[in-house]
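Observations on the three-dimensional arrangement
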Amino acid sequence: MSQEALWEQPYSPGNGYMDGKELQNFIQELQQARKKAGLDLTPEMKAFVDQYGKATDGKIGIVELAQILPTEENFLLFFRCQQLKSSEDFMQTWRKYDSDHSGFIDSEELKSFLKDLLQKANKQIEDSKLTEYTEIMLRMFDANNDGKLELTELARLLPVQENFLIKFQGVKMCAKEFNKAFEMYDQDGNGYIDENELDALLKDLCEKNKKELDINNLATYKKSIMALSDGGKLYRAELALILCAEEN
């Protein structure tokens, strides 16, 4: 079974990790695929199976999983370059490549995104290979199959501990609620939320959603979200990426 086929195994879309039964099924598929191909598990795979094979409460991020998969050039690992070591860096990278501020990255923007990351990793790559990587990424991470990657989809490349967006999935609001909240916390009515206004909003969210959000991480949440701002001005569209649920 190829890396792509393994990643097509069921797991919770958009949450950035596998756990519980999903992880157990993945391990079983990996073992069967290697056996069918007449190959032993690599040392990395053996260590992975030993650690997670019997742990029903185990959890592993999508990038961590990519490290043990059988592929000569696992391009996902390049996303562990220095500029994506934190959620804040990730948000700044997103803002750079969502050049039209549409709220998603299309195939051309994604291709530029990958090219930049690979160059920073001192990895020379042919354009045809870059196109192939872009197509693979869309197949792997495009949860709603629209040919584009939304912020939460691309954020699945972040290690679990850095992916604060996982936490915010449980506190997203409908459009009506979000707009009402934005207008309430935009206290001076200037059309954007500044750092102090965001601080007040996040404090209230943490108080109301203690199971999902940890107020001790407030500074990290704020810093990461403000990375989407335009010179300290966080406009409605950018904040909606974090707090507004997509409505069908």
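Residues numbered from 1 in each chain as written. Predicted model: local features only at pLDDT ≥ 70, side-chain atom pairs only at ≥ 80, totals over all residues. Heavy atoms only, no water.

With that settled, consider helix H3 (residues 43-52). Residues lying three or four places apart along an α-helix face the same way, a consequence of the helix completing one turn every 3.6 residues. Taken together, the buried positions of H3 are Met45, Phe48, Val49 and Tyr52. The buried residues of H3 all sit within an arc of 95° when viewed along its axis, so they share a single face. In H3, the exposed positions that point more than 90 degrees away from the buried face belong to Pro43, Asp50 and Gln51. (Buried < 20%, exposed > 50% of the residue type's maximum accessible area, 1.4 Å probe, protein only. Helix = DSSP H or I, 4+ residues; strand = E, 2+ residues; numbered from the N terminus. Arc of directions from axis to C-beta.)

For the pair helix H11 (residues 195-208) and helix H12 (residues 218-226), interaxial distance at closest approach is 10 Å and the crossing angle is 130°. Here H12 runs oblique to H11, going by the angle between their axes. The two elements H11 and H12 meet at a crossing, and its hand is right-handed. Residues Glu195, Leu198, Asp199, Leu202, Lys203 and Cys206 of H11 form the contact with H12, whose own contacting residues are Leu218, Tyr221, Lys222, Ile225 and Met226. Split by residue class, the contact of H11 with H12 holds seven nonpolar, no polar and four charged. (Axes fitted to C-alpha atoms, helices over the stretch in contact; angles between N-to-C directions. Parallel < 35°, antiparallel > 145°, perpendicular 65-115°, else oblique. Left-handed = near helix turned anticlockwise from the far one by under 90°. Contact = heavy atoms within 4.5 Å. Nonpolar A, V, L, I, M, F, W, Y, C, P; charged D, E, K, R; others polar.)

Let's shift gears to H11. Helix length check: H11 (14 residues) gives 20 Å between terminal C-alpha atoms against 20 Å at 1.5 Å per residue, within 8%. Taken residue by residue, H11 has Glu197, Leu198, Asp199, Leu201, Leu202, Leu205 and Cys206 as its buried positions. Packing partners of the buried residues in H11 comprise helix H9 (165-168), helix H10 (175-185), strand E5 (192-193), H12, strand E6 (234-235) and helix H13 (236-243). The opening residue of H11 is aspartate 194, an N-cap whose side-chain oxygen sits 3.1 Å from the backbone nitrogen of asparagine 196. (Expected span 1.5 Å × (residues − 1). Polar contact = N/O pair within 3.5 Å; in protein donor to acceptor, adjacent residues only side chain to side chain.)

A few words on the nonpolar core. Among the nonpolar cores identified, the biggest contains 50 residues, and Phe168, Leu239, Ile242 and Leu243 are the most heavily contacted of them. Of all the elements, helix H7 (residues 127-141) adds the most residues to this core, at seven residues. Apart from the residues lying within four places of it in its own chain, the contact partners of leucine 239 are Phe178, Phe182, Ile193, Leu198, Leu201, Ile225 and Leu234. (Core = buried A, V, L, I, M, F, W, Y, C linked by side-chain atoms within 4.5 Å.)

Attention now moves to the confidence of the model for the protein. The predicted model of the protein has a mean per-residue pLDDT of 78, with 78% of residues at 70 or higher. Counted against residues more than four places away or in other chains, residues 7-14, with its pLDDT under 50, gives 20 contacts. (pLDDT = per-residue confidence, 0-100.)

It is at 11 Å that the axes of H10 and H13 come closest, and there the two elements cross at 125°. By the angle class used here, H10 and H13 are oblique. For the pair H10 and H13, the sense of crossing is right-handed. Here H10 contributes Phe178, Asn179, Phe182 and Glu183 to the contact with H13, which in turn contributes Arg236, Leu239, Ala240 and Leu243. Here the residues of the contact of H10 with H13 sort into five nonpolar, one polar and two charged.

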